[in-house]
Amino acid sequence: MSPALEFVETEAEAAATRLDDASIHLWRLPYASSQGRAPLLALIGAYLGKPASDVALVQDTHGKPKLAEGDGAGTDGQQLEFNWSHSGNYALVALARGLALGVDIELLDKDLRSIEIARRFFDPVEADVVAALAPPARKRAFIGLWCAKEAVLKAAGEGLSFGLARLAFDRRTDTDWSLTRVDPALGHKDDWRLAGFEPAPGYRGALAWRGARRRIAAFRPVA
């Protein structure tokens, strides 16, 4: 089953003091595309103890934003890592110390050609599972699978061009999928952790990382 995440209302500066090397902080932010990266920069700034205007991001070869090496180093030397995604009226931001992350959020009512996309880009068994479902369940299952795949690829530092069929999942319940196979370039499937969840009514989210299990603390900003 997907973990039940309660997004607790809190101040970012207060939450930042509780981020350690055994935890991951997951934020759900209200978001509009016109805001660009402003909410992300403000949140990272709170964790770094500096104004958003002083937060500088660079991009890797796949366009994934990150802090320049050393800019997010804590007193323990561990780099602050983050990843973010936005859809509809929300953004998700995941933060951790010394751990690459991948996060994705999607609206469940998006109008998608799920069977066509699954047949073209997914593992054939996954595509068969999606195609066998009735339309309402098919859309939810497809979006859950898409979130899982994208979260893992983002955590691995890969773009969608890496190939969505190079990692495979089994459907567990409704929108929930578990990782069963990864390309050797991504290590072994048992190295990976994946949490699928409902970040808000009508949305699906996924968080992935490679390494030891960590506590997930979920927050939302004070209204």
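Since the model is a prediction, treat every value here as computed from it, not as a measurement.

A. A look at the overall build of the chain. On a plain count of helices and strands, the chain comes out with 5 helices and 12 strands. A compact globule built from 223 residues should have a C-alpha radius of gyration of about 17 Å, and the chain, at 17 Å, falls within 12% of that. Reported as C-alpha extents along the three principal axes, the dimensions of the chain are approximately 50 × 40 × 30 Å. The buried share of the chain, reckoned over its 223 residues, is 47%. A fraction of 56% describes how many contacts in the chain between residues 6 or more apart in sequence connect residues 24 or more apart. For the chain, the computed accessible surface area is about 10600 Å², with 50% contributed by carbon and sulfur atoms.

B. Summary view of the sheet that holds strand 7 (residues 101-107). With respect to topology, 3 strands assemble into an open sheet ordered 7-11-10, the strand pairing being antiparallel. At either end of the open sheet lies a strand with only one pairing partner, and these are strand 7 and strand 10 (192-197). Sheet twist, expressed as the average angle between the axes of neighbouring strands with direction ignored, equals 10°. Both strand 10 and strand 11 (residues 203-210) contribute to a ladder of 6 bridges, which runs antiparallel. Across the sheet, Trp 192 pairs through a bridge with Arg 210, a residue of strand 11.

C. Structural context of the packing of aromatic side chains. Scanning the entire structure with this criterion turns up 7 aromatic pairs. Their ring planes at 50° and their centres at 6.5 Å tell us that Phe 7 and Phe 197 sit as a pair that is tilted. Residue Phe 7 is found in the segment before strand 1 (8-10), and its partner Phe 197 is found in strand 10; the two are separated by 190 residues along the sequence. Considering the side-chain rings of Tyr 31 and Trp 84, the 5.6 Å spacing of their centres and the 90° angle between planes classify their relative orientation as edge-to-face. Of the two residues, Tyr 31 sits in the loop between strand 2 (23-30) and helix 2 (38-48) while Trp 84 sits in strand 5 (residues 80-87), which places them 53 residues apart along the sequence. In terms of burial, Tyr 31 and Trp 84 fall into one category: buried. Sitting over the ring of Phe 122, Lys 149 keeps its end group 5.0 Å from the ring centre. In this arrangement the basic side chain of Arg 166 is found over the ring face of Phe 162, its NZ or CZ atom lying 3.7 Å from the centre.

D. Molecular detail of the environment of Lys 64. Here Lys 64 lies in the loop between strand 3 (57-59) and strand 4 (65-67). Once you skip the residues sitting within four places of it in the chain, Lys 64 turns out to touch Val 58, Gln 59, Phe 82, Asn 83, Leu 101, Lys 154 and Ala 155. In terms of polar contacts, Lys 64 uses its side chain to reach the backbone carbonyl oxygen of Lys 154, at 2.7 Å.

E. Representation of the sheet that holds strand 2. Pairing within the open sheet is mixed, and its 5 strands lie in the order 1-12-2-6-5. The open sheet has two free edges, formed respectively by strand 1 and strand 5, since each of these has just one partner strand. Taking the axes of each pair of neighbouring strands and ignoring which way they run, one obtains an average angle of 30° across the sheet. As paired strands, strand 1 and strand 12 (residues 215-221) are joined by 3 bridges and run parallel to one another. Pairing of Thr 10 across the sheet is with Pro 221, part of strand 12.

F. Structural view of helix 2. Most of helix 2 sits inside the fold, with 8 of its 11 residues counted as buried. Where helix 2 is concerned, the buried positions are Pro 39, Leu 40, Leu 41, Leu 43, Ile 44, Gly 45, Ala 46 and Tyr 47. Just past helix 2, the residue Gly 49 takes up positive phi, approximately 70°.

G. Quick look at the pairing of strand 6 (residues 90-97). Of all 8 residues making up strand 6, 7 are buried, and the element is well covered by its neighbours. Bridge count between strand 2 and strand 6: 6 bridges; the pairing is antiparallel. Among the inter-strand pairings, His 25 is bridged to a residue of strand 6, identified as Leu 95. The hairpin turn running from strand 5 into strand 6, its antiparallel successor, is 2 residues long, and Gly 88 in that turn takes a positive phi close to 60°.

H. Just the side chain of Asp 123, in detail. Among the structural elements, Asp 123 can be located in the loop between helix 3 (114-121) and helix 4 (124-131). Within the local environment of Asp 123, its side chain forms a polar contact with the backbone nitrogen of Val 125, the two atoms lying 2.9 Å apart. The residues contacting Asp 123, other than those within four sequence positions of it, are Ala 165, Ala 168 and Arg 181.

How each quantity is defined
- Residues numbered from 1 in each chain as written.
- Predicted model: local features only at pLDDT ≥ 70, side-chain atom pairs only at ≥ 80, totals over all residues.
- Heavy atoms only, no water.
- Helix = DSSP H or I, 4+ residues; strand = E, 2+ residues; numbered from the N terminus.
- Rg over C-alpha atoms; globule rule 2.2 N^0.38 Å.
- Buried < 20%, exposed > 50% of the residue type's maximum accessible area, 1.4 Å probe, protein only.
- Contact = heavy atoms within 4.5 Å.
- Areas by Shrake-Rupley, 256 points an atom, 1.4 Å probe, with all protein chains shown as cover.
- Pairing = 2+ DSSP bridges.
- Axes fitted to C-alpha atoms, helices over the stretch in contact; angles between N-to-C directions.
- Phe/Tyr/Trp six-rings, centres within 6.5 Å; stacked < 30°, edge-to-face > 60°.
- Lys NZ or Arg CZ within 6 Å of the ring centre and 35° of its normal.
- Polar contact = N/O pair within 3.5 Å; in protein donor to acceptor, adjacent residues only side chain to side chain.

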